[in-house]
Amino acid sequence: MRIITIIGARPQFIKAAIVSYAIRQHNAQSSIQIEERILHTGQHYDYNMSQVFFDQMQIPAPTWHLACNDQTVEQMRDAIVPIIDQHADYILLYGDTNSTLAGALAATQCNIPIIHIEAGLRSFNPQMAEEHNRIETDKRSTLLFCPTYTAVANLQREGITKGIYMVGDVMYDASLLFTEQASKTSDILSRLNLTPRQYLLATIHRAETTCDAEKVANILRAFAQMPYPIILPLHPRTRKVVAASEVLTDLAHADNIHIIESVSYVDMQWLEEQAICILTDSGGVQKEAYFHRVPCITMREETEWVETIETGWNTLVGADTQKIVSAFQNLSIPSTIITEYGDGKASTKIIKILCQNAY
Ligand code: UDP
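Keep in mind the model is a prediction, meaning the values are calculated, not measured. (Residues numbered from 1 in each chain as written. Predicted model: local features only at pLDDT ≥ 70, side-chain atom pairs only at ≥ 80, totals over all residues. Heavy atoms only, no water.)

What about the packing of helix 1 (residues 10–29) against helix 7 (residues 170–185)?
- Close contact between helix 1 and helix 7 brings their axes to 9 Å; oriented N to C, the two are set at 80°. It follows from the interaxial angle that helix 1 and helix 7 lie roughly perpendicular. Together, I14, K15, I18, V19 and Y21 of helix 1 and V170, M171, D173, A174 and L177 of helix 7 make up the contact between the two elements.
- Residue composition of the contact of helix 1 with helix 7, by class: 8 nonpolar, no polar and 2 charged. (Axes fitted to C-alpha atoms, helices over the stretch in contact; angles between N-to-C directions. Helix = DSSP H or I, 4+ residues; strand = E, 2+ residues; numbered from the N terminus. Parallel < 35°, antiparallel > 145°, perpendicular 65-115°, else oblique. Contact = heavy atoms within 4.5 Å. Nonpolar A, V, L, I, M, F, W, Y, C, P; charged D, E, K, R; others polar.)

Spelled out as structure tokens, the structure:
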């Protein structure tokens, strides 16, 4: 079975790392061999946003590396088509980025079945490009691997009935494996001169946040009121927005805000594990906060990960200064456990189901 994995953005490298690892483990034990090759669209290209994950998480080197960082979905699709047309029996896609949709459109054009990992997630915010990407990818997919029961129900509501599998969250598999590694190898706390449980960790990168300078300003104003240092590994998109505005640059200079470069996945797991609280607009980081049993404040109006809200581990506050500050003042550590993310074996389950369906 020849699979081409199409990836292009940071969260996809992380998910692909753990699934590639499961593929290698499967190949070592089975007569059914999966030949996986990677196509990197080039959507993310900085060392800190791309190559560091390949190096640290042992993702196989891409066979094809396109330079599609500034391209439209259609341009990416056109670059992908001639490659997969010759070399793939299946296309493996992750999540909801433009690379995901470009891969889905290319696979449909070449009549190659699509495996979608992290299928069925919905924010119900039609303004988000990611929401459009997910819906269009799910429609075209043959095997849909869902991380939650809510995701399964979302697909069923959209009339998708075949090929749906609830397997748990591959990001939980990745977090378990690499947090264990981080506990032995990461020196990020000493490099940043941090004391465990004496700092907050934040990320800001989503287009809905960064496209509005006032939202970024509101968030930075809230950060400045926090009674702890805030570590902010800054996404290149947000860095550009802050640098382009004098007001934002001044706000970002508050004494307790420490802007650093994006960090490696292993260091990120260790920063999350030791934080008092995580503030974010990231999908993945919200869940990772729960994986580390750290309360999360999500600076968005809605989330795809509704179980984190229902159990009290996560609070939605939008980009509202006062709401962010009062969510921090009212932080609590719930006792409820979320079982649906699984037991760290979602990737192994996916490979097993794939082999049953492919032969
Ligand atoms: N991440 C990382 N280094 C950083 C910031 C985030 O490794 O400096 C990881 C984080 O642990 C999570 C993933 O990137 O696994 C989330 O990606 P991102 O926030 O870019 O995208 P989203 O999850 O919102 O799609």
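Observations regarding the sheet that holds strand 4 (residues 90–94)
- With parallel pairing, the 7 strands of this open sheet are ordered in space as 3-2-1-4-5-6-7. Across the chains shown, the open sheet's two edge strands, defined by having one partner strand only, are strand 3 (64–65) and strand 7 (164–166).
- Judged from the 2 bridges that link them, strand 2 (residues 35–40) and strand 3 form a sheet pairing that is parallel. The residue of strand 3 that forms the bridge with H40 is H65.
- Relative to strand 1 (residues 2–7), helix 3 (residues 73–87) is tilted by about 160°, and along the sheet it contacts strand 1, strand 2, strand 3 and strand 4.
- Sheet contacts for helix 17 (residues 346–358): strand 1, strand 4, strand 5 (114–117), strand 6 (143–146) and strand 7; angle to strand 6, the most-contacted strand, approximately 160°. (Pairing = 2+ DSSP bridges.)

Things to note about the sheet that holds strand 9 (residues 230–234)
- Pairing is parallel across the open sheet formed by 6 strands, whose spatial order is 10-9-8-11-12-13. Across the chains shown, the open sheet's two edge strands, defined by having one partner strand only, are strand 10 (257–261) and strand 13 (314–316). Between one strand axis and the next, the sheet turns through 20° on average, direction left out of account.
- The pairing of strand 11 (residues 277–280) with strand 12 (residues 296–298) spans 3 bridges and is parallel. Pairing of I278 across the sheet is with C296, part of strand 12.
- Relative to the sheet, helix 16 (residues 321–329) contacts strand 8 (200–203), strand 11, strand 12 and strand 13, its axis offset from that of strand 12 by approximately 165°.

Quick notes on the pairing of strand 8
- Here strand 8 shows two buried faces, one formed by L200 and A202 and the other by L201 and T203.
- Direction of pairing for strand 8 relative to strand 9: parallel, over a ladder of 2 bridges. Bridging from a neighbouring strand, L201 pairs with I231 of strand 9.
- Pairing analysis gives 4 bridges linking strand 8 to strand 11, with the strands arranged parallel. When the sheet's bridge partners are listed, T203 is paired in strand 11 with T280. (Buried < 20%, exposed > 50% of the residue type's maximum accessible area, 1.4 Å probe, protein only.)

Regarding the side chain of S264
- Within the fold, S264 resides in the loop between strand 10 and helix 13 (265–274).
- A distance of 3.2 Å separates the side chain of S264 from the side chain of Q56, its partner in a polar contact.
- Every residue in contact with S264, bar those within four places of it in the chain, is listed here: V52, F53 and Q56. (Polar contact = N/O pair within 3.5 Å; in protein donor to acceptor, adjacent residues only side chain to side chain.)

Brief notes about the environment of F178
- Take F178: it is sitting in helix 7.
- On a C-alpha basis, the gap between F178 and D267 in space is 9.2 Å, while along the polypeptide they are 89 residues apart.
- Excluding residues that lie within four positions of it along the chain, F178 makes contacts with Q56, M57, Y265 and V266.

Looking at the site of the ligand
- Taken together, 20 residues surround the ligand, and among them R206, V263, S282, G284 and E288 come closest.
- Contact distances for the ligand include 2.7 Å between an oxygen atom and a side-chain N or O atom of S282.
- Burial of the ligand by the protein amounts to 95% of the accessible area it has alone, namely 540 Å².
- Elements that contribute at least two residues to the shell around the ligand include exactly helix 1, helix 13 and helix 14 (283–291). (Near = heavy atom within 4 Å. Areas by Shrake-Rupley, 256 points an atom, 1.4 Å probe, with all protein chains shown as cover.)

Comments concerning the pattern of salt bridges
- The tally for this structure, following the rule as stated, stands at 21 salt bridges.
- With its nearest N and O atoms 3.0 Å apart, the salt bridge here joins R206 to E130. With R206 in the loop between strand 8 and helix 9 (207–210) and E130 in helix 5 (residues 129–139), the pair connects residues that are 76 residues apart, well separated along the chain.
- With relative accessibility at 18%, the residue E130 sits in the buried group.
- Bridged by salt links that share partners, the residues D96, E131, R134, R300, E302 and E304 form one connected network. (Salt bridge = Lys/Arg side-chain N within 4 Å of Asp/Glu carboxyl O.)

So, unusual backbone geometry
- Of note, Q58 is a non-glycine position whose phi angle comes to about 55°, a positive value.
- Counting through the fold element by element, Q58 comes out in the loop between helix 2 (51–57) and strand 3.
- Accessibility expressed as a relative area gives 58% for Q58, which makes it exposed.
- Non-glycine residue E118 carries a positive phi angle of around 80°.
- Taking the relative accessible area as the measure of exposure, E118 reaches 9% and is therefore buried.

A look at helix 10 (residues 213–224)
- The terminal C-alpha atoms of helix 10, which comprises 12 residues, lie 16 Å apart, in line with the 16 Å expected from a rise of 1.5 Å per residue.
- Along helix 10, the residues classified as buried are V216, A217, N218, I219, L220, A222 and F223.
- With a side-chain oxygen positioned 3.0 Å from the backbone nitrogen of E214, the residue opening helix 10 is D212. (Expected span 1.5 Å × (residues − 1).)

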